Amino acid sequence: MLQEVLYIIQNYYPYYLEGTRNTIVIALLGVVGGILCGLFICLMRMARKKQVLPFCLRTIAKMYIAVFRGTPVIVQLWIAYFMFPKFIPFPSGFFLGMDLEKLLPCLLAICLNSGAYVAEIFRAGIEAVDRGQMEAALCVGMKRGMAMRLVILPQAVKNVLPALCNEFVTLIKETAVISYLGVADLFYSNSLVKTMTYRMLPSYLVLAMFYFVLCYVASKGVGLLERRLHRNDTH
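In short, a report on the structure. (Residues numbered from 1 in each chain as written. Predicted model: local features only at pLDDT ≥ 70, side-chain atom pairs only at ≥ 80, totals over all residues. Heavy atoms only, no water.)

1. Topic: the overall build of the protein chain
Scanning the protein chain for helices and strands turns up eight helices and two strands. Across its three principal directions, the C-alpha atoms of the protein chain cover 70 × 50 × 30 Å. Taking all 235 residues of the protein chain together, 41% fall into the buried category. For the protein chain, contacts bridging at least 24 residues in sequence account for 74% of all contacts bridging at least 6. Total accessible area on the protein chain is roughly 13500 Å²; 67% of this is exposed by carbon and sulfur atoms. Taken together, the 23 basic and 13 acidic charged side chains of the protein chain have centroids lying 8 Å from each other. (Helix = DSSP H or I, 4+ residues; strand = E, 2+ residues; numbered from the N terminus. Buried < 20%, exposed > 50% of the residue type's maximum accessible area, 1.4 Å probe, protein only. Contact = heavy atoms within 4.5 Å. Areas by Shrake-Rupley, 256 points an atom, 1.4 Å probe, with all protein chains shown as cover. Lys, Arg positive; Asp, Glu negative; His and termini not counted. Charge placed at Lys NZ, Arg CZ, Asp CG, Glu CD.)

2. Observations regarding unusual backbone geometry
Of note, Y198 is a non-glycine position whose phi angle comes to about 60°, a positive value. Inspection of the secondary structure puts Y198 in the loop between α7 (186-197) and α8 (200-234).

3. A short note on the environment of L205
Within the element layout of this structure, L205 appears in helix α8. You can call L205 partly exposed: its relative accessible area is 35%. Separated by 12 residues in the primary sequence, L205 and V193 have C-alpha atoms spaced 12 Å apart. Among all residues touching L205, those that are not within four sequence positions of it are M1 and V5.

Pasting the structure below:
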């Protein structure tokens, strides 16, 4: 078994390296899109209760979060793959060897899914900021929107930064499902190697090694970031 694993690594590592690169790019784009989407949904979710329009925004945000957190990612991907091209003219061509007409609907679905989780991360971070910060900003003449943008959000972002980095680690693993739609990520590259070698178990062992290294390195980076933030808070 060990010899077969070493054989696959020695002869087919370029496939895994290309897939690893694509997985990192997809996860990065997914988490950036998820942050932008999640922040917008979070602000909708925290709109004031007593007015009609904010109440509608809160309801829409709650429904969005419930739907995307309550359905499997693979189902969301298939719906996006078939539905989004009917309304959005995705460009043809290739990016890093990935078909854009397949990649972009999947990436959009990943961003929307991640946004539902990031919205709750942001909400927890904003609610962790002392209420006196908002009251103090309003007392010096700031409007609520300006106070949120200049006072509350910078503190909230610092609170949730480790959680956002963990979301990136999670996306590295979750994006494996896009291989079923033909997007050339790490899991898809392993499928090619498996087809060429007919060595099922060894190829999956190599795949697990690559995913483990990716997630381990990313997790260590998150740990270093958390310790640095903790040192800055203590000084």
